[in-house]
Amino acid sequence: MEIFQFFSSIKTLILIFAVMANILLAILVLRSNIKSATNIIFILFNFTTIGWLIAAHAYSLLSATSVFALLLTRLSLFFAVPMCMLLFLFAHTFPFNKIQLKKTIFDLFIFFTIILMLLMLSPYTFIGVAAAQNSPKPLFSFIILSLFISFIIIFSMLTVYTLIRKFLTFKGVERRQAYIILWGIFLLVGLIITTVSIPAIFFGITSFVFLVPLYTLVFVGAATYAIVKHHMFNIEIITTEILVILLWAILFSKILIVGQVKGKASDIVIFVMTIIFGIFLIRSVKREIMQREELSSLAASLQVANTRLKELDQQKTDFLSIAAHQLRTPLSILNGYLELMREKAYKKEELAEVYSNMEASNQRLVKLIDEFLDITRIEQGRTKYDFVEKDIREIIDSVIEEFTERLEQKGLKITWHRPPEALKANLDTEKIRHVVFNFVDNAAKYSEKGTITIETAAEDDGLAVRVKDHGIGFNKTDQSNLFQKFYRGENVKHIDVSGTGLGLYVCSKFIEGHKGRIWGKSEGLGKGSEFGFWIPYVTNQ
């Protein structure tokens, strides 16, 4: 009779609803990541909650003479102990995939939890059961029950403290997840206090106690949402599955409640048909969602491809425009000199200067072609690196030697704090020389006075090179765009009208090829600048 009573009340239907929902949410979390410690702890908490709900509900339906009263009393507290410990462990581990507690502390918590669980089952906590108003009233040991209450309070406070600390320290997704879980806990505690604890303690009203299973869903649902929200689960599929399974649970409960055989037969037929229909409905929704996601993914891919094509088209236009302009300039100069020489417009003593100017234009043309070839190889992924162990001091020596005369003519000084010991690294000599040359060339080009300083040092398992000047400098906008292709700051366009905006871009790609990093910084216009790079001692080729 008591078993039938268990399945024959509205309270039981609410319990079945809550249990099924908890199981579904546990499955949902398990599907999101079966190897995550956070998920495993949450699932354990979920099932201990189910055990506690069932034991507590079954106890509430018993009469004063029931032989199961003592067992169910012990079972309800047996499940309550790991619930609190697992809730704290979940809060401390979330959202990581591994337990964050030190092993010694973790083992200590597990040890005390197991001991307390065994005490709850033993005859030392609940000694017996007495009758009170036709309901069983457990007789307990005050000392051990005080230990249980202290355990619950301590772990509950630790849980709330841990979540608040994470909410205050985390950022982005983790902060929002901690916020959702915190709200779940506060709502759960608030509902229990306002509708169960206060009415029962001060007014003797217990009308809402049967709603506790639904209250637990507030926290469990919030935690589930926080866990799986960022794991590619479609809410429409989840909702459909939950609603269908809950419908099965309600119909199954109705079969248990109905006493007449004829009524049960019709309910069983409806239940079977609902199972078949539900399976097809879930599959249909999944198929529709998958098709929609495929179309959405294709649309997104097409959008990305279209944007990329527009960028490439614009880059092609920019490249052709710059190439046409930059190549035409030295060719026009050469053509002009040749035309004048053909007309014998120069005297013999002037030819030396003319030849020098023609050579400079020719070198400019060669440099432009080299830059364009570098860009082509970089864009096509055909850049080859010849890594050898090289003392970077030798590379800088050769660059300084090449610039000495040019800098003296312009009235600039170059200073290098040359380290006394060799600084060797595995590098491509020509490409690192290209970068150092470009830095010094820009410093000379955009400085009218002062000293160009070169610094080299061993840093962070690698080599760093810095070139500093007292030139025109640049602002924050230029700093964030320095290494983009074809970018030239407004402040340099009137100084070097022949610039292409490709030099620093090529340098950045060469340093990337060395698994290093490159930078450019300035305190502002007119305050000089610093360009530098860092490469590791050994580059993983």
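Anything mentioned here points back to the structure above.
Since this is a predicted model, take the numbers as computed values, not measurements. Note on numbering: residues in each chain are counted from 1, in written sequence order. The model is predicted, so local features are restricted to residues of pLDDT at least 70 and side-chain atom pairs to those at 80 or more, both for listing and for counting; the totals for chains, interfaces and linings are taken over all residues. Side-chain numbers come from the whole structure's heavy atoms, not from hydrogens or water.

Okay, the overall build of the chain next. A tally of regular secondary structure across the chain gives 16 helices and 9 strands. Here the chain holds 541 residues, and the buried ones make up 42% of them. Looking at the chain alone, contacts between residues at least 24 apart form 72% of all its contacts between residues at least 6 apart. Surface accessibility of the chain: about 30,900 Å² in total, with carbon and sulfur atoms responsible for 64%. A run of DSSP states H or I qualifies as a helix once it reaches four residues; a run of E qualifies as a strand once it reaches two. Both are numbered from the N-terminal end. Accessible area is worked out with a 1.4 Å probe on protein chains only. A residue is then buried under 20% of its type maximum, exposed over 50%, and partly exposed in between. Any two residues having at least one pair of non-hydrogen atoms within 4.5 Å are treated as being in contact. The Shrake-Rupley method, run with a 1.4 Å probe sphere, supplies the accessible areas, and residue values consider only the shown protein chains as cover.

We now examine the pattern of salt bridges. It is possible for side chains bearing opposite charge to pair when their charged atoms get close. Here a salt bridge means any side-chain nitrogen of Lys or Arg lying within 4 Å of a carboxyl oxygen belonging to Asp or Glu. Across all of its chains, the model carries 14 salt bridges by this definition. Note that Arg406 and Asp441 form a salt bridge whose closest N and O atoms lie 2.6 Å from each other. Taken as a pair, Arg406 in helix 12 (residues 392–410) and Asp441 in helix 13 (residues 429–445) lie far apart in primary sequence, 35 residues in all. For Glu459, the salt bridge goes to Arg466, with nearest N and O atoms at 2.9 Å. One salt-bridge network, in which partners are shared between bridges, spans Glu459, Arg466, Lys521 and Glu530.

Two strands pair under a simple rule: DSSP has to find at least two bridges between them. Strand order in the open sheet formed by 5 strands is 4-6-7-9-8, with mixed pairing between adjacent strands. In this open sheet, the two strands that pair with only one neighbour each are strand 4 (413–417) and strand 8 (517–521). With strand direction ignored, the average angle separating the axes of adjacent strands in the sheet is 15°. With 8 bridges connecting them, strand 7 (residues 462–469) and strand 9 (residues 529–536) associate as antiparallel partners. Looking at strand 9, one finds that Ala464 is bridged to Trp534. As a rule, the C-alpha atoms of each element are fitted with a line to give its axis, helices using only the stretch in contact, and angles between N-to-C directions run from 0 to 180 degrees. Here helix 13 sits on the sheet and contacts strand 4, strand 6 (451–459), strand 7, strand 8 and strand 9; the angle it forms with strand 9, its principal contact strand, is near 170°.

Another point: the side chain of Ser529. Within the secondary structure, Ser529 is located in strand 9. The term polar contact refers here to a pair of N or O atoms within 3.5 Å; inside protein, the definition further demands a hydrogen-donor-capable atom paired with an acceptor-capable atom, and it admits residues adjacent in sequence only when both atoms are side-chain atoms. Of note is the side chain of Ser529, whose polar atom sits 2.9 Å from the side chain of Asp469. Aside from chain neighbours lying at most four places away, what touches Ser529 is Val467, Lys468, Asp469, Gly473, Phe474, Lys521 and Ser522.

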